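Inside the fold
Chain by chain, the residues:
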Amino acid sequence: MPDSTLSSRTVLVTGATSGIGYETARQLAERGATVLLHGRTTEEARAAADRLIATAGVTASRLRTYAADFTHLEEVESLARRVVAEHPHLDVLVNNAGIAAPERHTVTVDGNEIALQVNFLAHYLLTCLLEPALTTDPGGRVVNVSSSLHRTANIQWNDPNRARRYSRLAAYAQSQLALTVFAADPRVTAVSVHPGICDTALLSLYAHEGLTPAEGAANVARLCDPAVEIVNGAYYDRAERVEPASAATEDRTIKRLNKLADLLVGRTA
């Protein structure tokens with residue numbers, strides 16, 4: 001692919017300091033995009049940028065670093081404010097940051113189960129707050145890095161924090177289903193992608209071996225390209241568009257999830 005293909009595009013990648021996020025940022029920057037690298041801390045984000053400059057030959061002017069710990073929703077709000085102020089036009093948001101749910105039931109300072117907050121609620125809030133920047137011009141899009149495990153999930157509407165019955169796999173799968181359902185929200189054009197089972201920090205949830213993060217990232221970066229036409233709410237398994245779990249396309253579920261998410265992130269409609 002010619003390097004200049006994305007030269008006028010600005011893309012924010014969450015969780016860009018390692019794994020698929022880092023490789024997605026690298027592939028986009030190599031193709032000329034301005035990439036906003038999000039990390040949990042300023043140090044991690046800067047280290048990722050330095051590594052891209054040193055090893056991938058990316059020019060420093062194409063990279064910006066941002067920090068926000070997604071276990072604190074107020075940091076997500078600050079991140080969004082800064083991005084909108086500095087980049088009032090954003091072409092793509094890649095919602096990639098994710099954690100495996102811990103063995104023990106863990107709740108954030110905001111009162112949400114940690115995997116639900118980091119993997120879904122923080123991205124929900126960030127997307128809502130970045131909507132003005134993503135919609136300044138037609139063609140803005142959101143790419144949610146989801147998982148095939150969303151098919152095994154159900155959303156516990158009456159106990160989304162899974163306080164009553166906790167299983168790390170069920171909590172993780174619920175967060176991925178929520179992210180996949182959210183892609184069908186009509187406010188911003190969005191798709192979800194299962195990048196493949198990759199050898200990253202989340203591998204233990206799936207298998208013993210996987211694709212390289214770069215191979216998984218190629219499936220994410222492809223969807224950031226304006227030349228690749230997308231349909232709002234579509235779900236991709238690697239490079240192929242397939243049907244997501246049926247819940248992900250139900251209007252009632254989409255509306256119900258938005259209501260729940262607004263409540264959990266403290267947004268008033």
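Refer to the structure printed above.
Counting restarts for each chain, with residues numbered from 1 along the sequence as it is written. Side-chain atom pairs in this predicted model are given and counted only at pLDDT of 80 or more, local residue features only at pLDDT of at least 70, and totals for whole chains, interfaces and linings cover all residues. Side-chain descriptors were evaluated using all non-hydrogen atoms of the structure, hydrogens and water having been removed beforehand.

With that settled, consider the packing of helix α3 (residues 73–86) against helix α4 (residues 114–134). Every axis in this analysis is a line fitted to C-alpha atoms, fitted for helices over the stretch in contact. Angles between the N-to-C directions lie between 0 and 180 degrees. Only runs of H or I of at least four residues qualify as helices and only runs of E of at least two qualify as strands under DSSP, and these elements are numbered from the N terminus. Close contact between α3 and α4 brings their axes to 9 Å; oriented N to C, the two are set at 30 degrees. Regarding the angle of α3 to α4, the classification is roughly parallel. Seen along the crossing, α3 lies across α4 with a hand that is right-handed. Where α3 approaches α4, its residues Leu73, Val76, Glu77, Leu79, Ala80, Val83 and Val84 are matched on the opposing element by Gln117, Ala122, Leu125, Leu126, Leu129, Leu130 and Ala133. Within the contact of α3 with α4, the residues separate by chemical class into 12 nonpolar, one polar and one charged. Our angle categories are set so that under 35 degrees counts as roughly parallel, over 145 as roughly antiparallel, 65 to 115 as roughly perpendicular, and the remainder as oblique. Crossings are sorted by hand: turned counterclockwise from the far helix by less than a right angle, the near helix makes the crossing left-handed, and turned clockwise it makes it right-handed. Residues are treated as being in contact if the distance between any of their heavy atoms lies within 4.5 Å. When residue character is reported, Ala, Val, Leu, Ile, Met, Phe, Trp, Tyr, Cys and Pro are called nonpolar, Asp, Glu, Lys and Arg charged, and the others, Gly included, polar.

Ring pairs are drawn from Phe, Tyr and Trp, using the six-membered ring of Trp, whenever the two centres fall within 6.5 Å, and their geometry is named by plane angle: stacked under 30 degrees, edge-to-face over 60, tilted for the rest. Overall, the coordinates contain three aromatic pairs when judged by the stated rule. Aromatic side chains Phe120 and Tyr124 sit 5.8 Å apart centroid to centroid with 50 degrees between the ring planes, which places their arrangement in the tilted category. Residue Phe120 and its partner Tyr124 are located together in helix α4, separated by four residues, close to a single helical turn. For the pair Phe120 and Tyr124, one class covers both residues: buried. Exposure categories follow from relative accessible area, calculated using a 1.4 Å probe and restricted to protein chains: below 20% of the type maximum is buried, above 50% is exposed, and the middle band is partly exposed.

On the surface, a cluster of negative charge is contributed by Glu74, Glu75, Glu77 and Asp110. Tracing the chain through its elements places Asp110 in the loop between β4 (92–95) and α4. Patch members must show over 30% relative accessible area and no salt bridge, and they are joined within 9 Å when carrying like charges or within 5 Å when they are nonpolar side chains of Val, Leu, Ile, Met, Phe, Trp or Tyr. Throughout, the Shrake-Rupley method with a 1.4 Å probe supplies accessible areas, and for residues the shown protein chains are the sole cover considered. For this document, the term salt bridge refers to a Lys or Arg side-chain nitrogen within 4 Å of an Asp or Glu carboxyl oxygen. In this tally Asp and Glu are treated as negative and Lys and Arg as positive; neither His nor the chain ends contributes. Throughout, a charge is located at the NZ atom of Lys, the CZ atom of Arg, the CG atom of Asp or the CD atom of Glu.

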